Number of protein chains: 2
Amino acid sequence: MTSTLIDGPLKISDDAADLLFREARTANTFTDEPVTEEQVKAIYDLIKWGPTSMNQQPLRIVLVRSPQARERLLPLLAEGNRAKTGAAPLVAILAADLDFHEEFPKTFPYKPDAKELFEGLDREPHARLNATLQIGYFILGVRAAGLAAGPMTGFDAAAIDQEFFPDGRHRTLVVVNLGQPGENAWFDRSPRLDQDEVVTTV
Amino acid sequence: MTSTLIDGPLKISDDAADLLFREARTANTFTDEPVTEEQVKAIYDLIKWGPTSMNQQPLRIVLVRSPQARERLLPLLAEGNRAKTGAAPLVAILAADLDFHEEFPKTFPYKPDAKELFEGLDREPHARLNATLQIGYFILGVRAAGLAAGPMTGFDAAAIDQEFFPDGRHRTLVVVNLGQPGENAWFDRSPRLDQDEVVTTV
């Protein structure tokens, strides 16, 4: 099979770049088309390869699929986020597991004392940083499946923690609505900063 | 031109998925091939479209290109990260700008009082979260350009802030080495958590 990669400063094709970045948007309305378990599996099997420091992989994902669970979530969101989240085919609560180090024997076998070392640390900054990197990968992975996805942070994080992670070891970071964009799905595209406003070379 | 997108649960082609996720790695050695300004521009023009909440875009990037700047950075890294960072064609310091709200008149014109509202807030959690999402996009953008990239967090962040961001309004989050992988560029692939260890449906 011929490669779809191209010769140029970017190796991914224009339509892949459009799907993931340039034409991708955060939808405010959705069609009724469901997000299937097959799509969820394909997205996870892709994004799990995204890198984290020390392979920490602290991201945990709660997919809100039942109407009952949706009803528990909606009142904990900022008012402006409720209607679109109520209408999305699938909603993902993305959280950091503060006890990610318990998986080190599997995820970082090169350093047998890693789990013990992290028992004495404040793990929350590590968990937040690496889970947030993974949320970046997740958003692009959802888009790779042809679905709209963007990050929402307007919610009562402590209340979502309590409602969906009663074990106390998780911190909710971002909520993402997934689905096919519906009618009038978005506002005008928001301006981006120019390279010279963001990148400095020293 | 024919689309390179495919029919299946993932729409991006297998080689795009391999390049970005499945075969992509964090390199520990590099060839001498430089990372060009043209590549940097292509990466930025791609990743700037990655979504942030309220279009905050707090990520700021310092590209360490001169030998003098590299010498200032290396002692601030954990010892295990110095040799590979010394040998990388290009090093990126990725930081959050706590004063991202000053750009709201450009980046979020829909809410004219946004800048004023954020003046009274603790902006650091917003800056860290959204800049870290953007670092996820950056890492995949570097890979889209056919280069190796992975996140390093072993460094003295306060010392890098002081050395490279003396204005006091930035927080260094991650350092990334960019380049073409060299000989013996990586260890064995680290195991990933299974879907049922990460994803719950409610």
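Residues numbered from 1 in each chain as written. Chains lettered and ligands numbered in written order. Predicted model: local features only at pLDDT ≥ 70, side-chain atom pairs only at ≥ 80, totals over all residues. Heavy atoms only, no water.

- As recorded in an unreviewed UniProt entry, chain A goes by the name Malonic semialdehyde reductase, listed as coming from Fodinicola feengrottensis.

### Some remarks on the overall build of chain A
Point 1. Counting secondary structure elements, chain A contains nine helices and five strands.
Point 2. Secondary structure elements of chain A occur, N-terminal to C-terminal, as α-α-β-α-α-β-α-α-α-β-α-β-α-β.
Point 3. Seen through its C-alpha atoms, chain A measures out along the principal axes to roughly 50 × 50 × 40 Å.
Point 4. Every one of the 202 residues in chain A was classed for burial, and the buried ones make up 54%. (Helix = DSSP H or I, 4+ residues; strand = E, 2+ residues; numbered from the N terminus. Buried < 20%, exposed > 50% of the residue type's maximum accessible area, 1.4 Å probe, protein only.)

### Observations regarding the sheet that holds strand 1 (residues 59–64) of chain A
Point 1. The five strands lie next to each other as 3(A)-4(A)-2(A)-1(A)-5(B), forming an open sheet whose pairing is mixed. Two strands bound the open sheet, and with one partner strand each, they are strand 3 (151–152) of chain A together with strand 5 (199–201) of chain B.
Point 2. Summarising the sheet, strand 3 of chain A and strand 4 (residues 170–178) of chain A pair through two bridges and their orientation is antiparallel. Following the sheet pairing, Pro-151 of chain A is matched in strand 4 of chain A by Val-176 of chain A.
Point 3. With respect to the sheet, helix 7 (residues 124–144) of chain A is in contact with strand 1, strand 2 (90–97), strand 3 and strand 4 of chain A, its orientation differing from that of strand 4 of chain A by roughly 10 degrees. (Pairing = 2+ DSSP bridges. Contact = heavy atoms within 4.5 Å. Axes fitted to C-alpha atoms, helices over the stretch in contact; angles between N-to-C directions.)

### What to know about the packing of aromatic side chains
Point 1. Applying the stated criterion to the full structure yields ten aromatic pairs over all chains.
Point 2. Ring geometry for Phe-108 of chain B and Tyr-110 of chain B: centres 5.4 Å apart, planes at 90 degrees, overall edge-to-face.
Point 3. Here Tyr-110 of chain B falls in the partly exposed class, since its relative accessible area comes to 41%.
Point 4. One aromatic cluster is present, built from ring pairs that chain together Phe-100, Phe-104, Phe-108, Tyr-110 and Phe-118 of chain A. (Phe/Tyr/Trp six-rings, centres within 6.5 Å; stacked < 30°, edge-to-face > 60°.)

### Focus: the relation of the copies chain A and chain B
Point 1. After a rotation of 180 degrees and a shift along the axis of 0.0 Å, chain A superposes on chain B with an RMSD of 0.0 Å. Accordingly, the operation relating the two chain copies is best matched by a two-fold axis. Taking C-alpha positions as reference, the residue of chain A nearest the rotation axis is Gly-136 of chain A, located at 2.4 Å.
Point 2. Here 100% of the interface residues in chain A have copies in chain B that are interface residues too; the copies meet face to matching face. (Least-squares fit on C-alpha atoms with pLDDT ≥ 70 in both.)

### What to know about the nonpolar core
Point 1. Ranked by internal contacts, the top residues of the largest apolar core, which has 94 residues, are Ile-61, Leu-94 and Phe-138 of chain A together with Ile-61, Leu-94 and Phe-138 of chain B.
Point 2. Setting aside anything within four residues of it in sequence, one finds Phe-138 of chain A in contact with Ile-43, Ile-47, Ile-61, Ala-92, Leu-94, Val-176 and Leu-178 of chain A. (Core = buried A, V, L, I, M, F, W, Y, C linked by side-chain atoms within 4.5 Å.)

### A closer look at unusual backbone geometry
Point 1. Look at Asn-184 of chain A: it is not a glycine, yet its phi comes out positive at around 45 degrees.
Point 2. Take Asn-184 of chain A: it is sitting in the loop between strand 4 and helix 9 (195–198).
Point 3. Residue classification places Asn-184 of chain A among the exposed positions, given a relative accessible area of 71%.
Point 4. Look at Asn-55 of chain B: it is not a glycine, yet its phi comes out positive at around 55 degrees.
Point 5. Tracing the backbone shows Asn-55 of chain B in the loop between helix 2 (37–47) and strand 1 (59–64).

### Some details on helix 7 of chain A
Residue and element names in this part refer to chain A.
Point 1. When the terminal C-alpha atoms of helix 7 are compared, their 30 Å separation across 21 residues agrees well with the 30 Å that a helix rising 1.5 Å per residue should span.
Point 2. Of all 21 residues making up helix 7, 17 are buried, and the element is well covered by its neighbours.
Point 3. The positive-phi residue at the C-terminal boundary of helix 7 is Gly-146, with phi of around 80 degrees. (Expected span 1.5 Å × (residues − 1).)

### Let's talk about the pairing of strand 2 of chain A
All names here are of chain A.
Point 1. With eight of eight residues buried, strand 2 lies mostly within the body of the structure.
Point 2. In strand 2, alternate side chains face the same way, and those of Leu-90, Ala-92, Leu-94 and Ala-96 on one face and Val-91, Ile-93, Ala-95 and Asp-97 on the other are all buried.
Point 3. With six bridges connecting them, strand 1 and strand 2 associate as antiparallel partners. Opposite Ile-61, over in strand 2, you have Leu-94 as the bridge partner.

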